[in-house]
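Breakdown of the fold
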Amino acid sequence: MPKIAEQQKCCCCGETLSITKYYKSYSNFYSKGILPICKDCFGRKFGEYARVFKSNKIAMQRMCMAFDIYFNETAFDKCDTKDDAVVGKYFRNLNLGQHSEKSFDDSLKDGIFEFSGERKRVNGVRVAYVDEYDNVQEEIDEKINPKDIEKWGIGFDAADYGILNSHYKTLKKANPNMDDNQEIFITDLCYAKMQQMKALRENRVDDYNKLTENYRKTFQQSGIKMVRDNTSVNDFSVGVNIEAIEKYTPAEFYKNQDLYKDFNGIGEYITRFMLRPLKNLMYGSTDRDKEYCVKSEDDGDYDE
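Below or above, wherever it landed, is the structure these notes cover. (Residues numbered from 1 in each chain as written. Predicted model: local features only at pLDDT ≥ 70, side-chain atom pairs only at ≥ 80, totals over all residues. Heavy atoms only, no water.)

**Describing helix α4 (residues 86–94)**
In plain terms, the rule: Classification of residues uses two cut-offs on accessible area relative to the type maximum, computed with a 1.4 Å probe and protein chains only: under 20% is buried, over 50% is exposed, and between them is partly exposed. Working definition: helices are DSSP H or I runs of at least four residues, strands are E runs of at least two. Numbering for both runs from the N terminus. A contact between two residues is defined here by any heavy atoms of the two lying within 4.5 Å.
In terms of residue burial, α4 counts as a mostly covered element, since seven of its nine residues are buried. Taken together, the buried positions of α4 are occupied by Val 86, Val 87, Gly 88, Tyr 90, Phe 91, Asn 93 and Leu 94. On its buried face, α4 is in contact with β3 (22–24), β4 (34–38), α1 (39–53), α2 (56–67) and α3 (73–79).

**Points about the packing of helix α9 (residues 180–201) against helix α10 (residues 205–222)**
Helix-helix packing is characterised by the crossing angle of the two axes and by the distance between the axes. As a reminder, the rule being used: Only the stretch in contact is used when fitting a helix axis, every axis being a line fitted to C-alpha atoms; angles between N-to-C directions are given from 0 to 180 degrees. Each angle gets one of four labels, with under 35 degrees taken as roughly parallel, over 145 as roughly antiparallel, 65 to 115 as roughly perpendicular, and the rest as oblique. In this scheme, a crossing is called left-handed if the near helix is turned counterclockwise away from the far one by less than a right angle; it is called right-handed if the turn is clockwise. Three classes are used, and their members are as follows: Ala, Val, Leu, Ile, Met, Phe, Trp, Tyr, Cys and Pro are nonpolar, Asp, Glu, Lys and Arg are charged, and the others, Gly among them, are polar.
Following both chains from N to C, one finds α9 and α10 inclined at 165°, their axes separated by 9 Å at the closest point. Taken as axis vectors, α9 and α10 run roughly antiparallel relative to one another. The chirality of how α9 crosses α10 is left-handed. When α9 is examined against α10, the residues Gln 182, Phe 185, Leu 189, Ala 192, Lys 193, Gln 195, Gln 196, Ala 199 and Leu 200 are found in contact with a partner set consisting of Asp 207, Tyr 208, Leu 211, Thr 212, Asn 214, Tyr 215, Thr 218, Phe 219, Gln 221 and Ser 222. Across the contact of α9 with α10, the residue classes break down as nine nonpolar, eight polar and two charged.

**Quick look at the nonpolar core**
When a protein is soluble and globular, its nonpolar side chains tend to lie buried together. The condition is simple: Working definition of a nonpolar core: buried Ala, Val, Leu, Ile, Met, Phe, Trp, Tyr and Cys residues. They are joined through side-chain atoms within 4.5 Å.
In terms of nonpolar packing, the biggest core is built from 29 residues, with Leu 35, Phe 42, Met 60 and Tyr 90 touching the most fellow members. Only β3, β4, α1, α2, α3 and α4 provide two or more residues apiece to this core. Sequence-distant contacts of Phe 42, that is, excluding residues within four places in its chain, are made with Tyr 23, Leu 35, Ile 37, Met 60, Met 63, Phe 67, Ile 69, Val 87 and Phe 91. One finds Ile 163, Tyr 168, Ile 186 and Leu 189 within the second-largest nonpolar core, a separate group that totals 15 residues.

Coordinates in, geometry out; function isn't part of it.
Below, the structure written as C-alpha cells:
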C-alpha cells in the first residue's frame with residue numbers, strides 16, 4: 001500500500017497541501033519543521049512587500065521577521081538576481097551547512113537587526129519596527145502628502161495617490177464647469193483608474209479587464225467628457241460675434257454720443273430742406289429756413 005504524503009493546512013490560503021509545498025523551518029515555533037504558510041502564499045506575500053518597499057531585500061527581511069526565518073544579507077544578495085526565483089534560491093541557501101539550524105534569533109545575535117523599542121503610528125495604527133524597516137517606512141510616509149490622505153483616504157501608497165491626483169486633474173481640465181453630481185462621478189472614476197493601474201502593475205489580467213469595463217460604464221453614466229469641448233469657440237464666427245454684440249450692446253446706442261455726430265452735415269440738410277417743407281405742406285405751417293427765405297415786413301429784421 002503506497003504511503004500517503006503528510007499534509008498541512010496553509011495558514012494563509014486555508015488549503016490542505018502536501019508538506020512538500022512548504023519551506024523548511026528551523027524555528028522552535030513549528031513542531032513539524034516546516035513553515036505554516038505554503039510556498040505559493042509566501043511568494044505572493046513577498047511580492048506584495050517588494051512592491052511596497054521597492055526592495056526585494058527589505059521584503060525578505062520582513063518575511064523573515066514574520067516567520068522566524070534566519071536572514072543573512074550576504075547570502076540573500078547572491079540569490080537576488082533578475083529572475084523571479086529569489087525566494088526559492090534563498091531557502092535552498094539556508095539549508096547549507098553554515099546557515100542550517102538557524103532562525104531569526106540568530107539574525108539578532110549576528111547584529112543584523114537591533115530593536116529600537118520605539119513605536120510609531122502609520123495610517124492610524126501603532127506598530128513596532130526594526131530600525132532598518134522603520135526607516136524605509138518613514139521614507140515612504142514622507143512622500144505622501146497629508147492633503148492627499150485627507151482627500152482620498154488612508155491605506156494607499158505614494159504611487160496610488162499619484163494616480164488619483166493625476167487622473168483627477170485630467171478629468172477636471174476636460175470638464176471645468178461640472179456640477180456636484182459630476183464631481184462625485186469623477187471621484188469614483190479616479191478610484192477606478194487607480195485600482196485599474198494597480199491591477200496592471202501586479203499583472204492581474206482578469207481584474208484589470210473587469211476594472212476597465214467598470215470604468216467604461218461609470219464614465220458613460222457620468223456625462224462628462226475626456227477631451228475639453230471647444231465646439232462653441234470654433235463656431236464663434238463673425239455673424240455669431242455680431243449677434244452677441246447686438247444682444248448685449250446694440251449698435252443703436254452708445255455711451256459716447258459723439259460716435260453719431262453729423263460730420264458731413266447731411267442730417268442738417270435733410271432737416272432744413274426736406275423735412276421742414278414737408279411739415280409745412282402736411283400741417284399748413286409756415287416755418288421758414290433760418291438762412292434761405294424771403295422775409296416780410298412783419299419780421300423784425302426786415303430791411304427797406
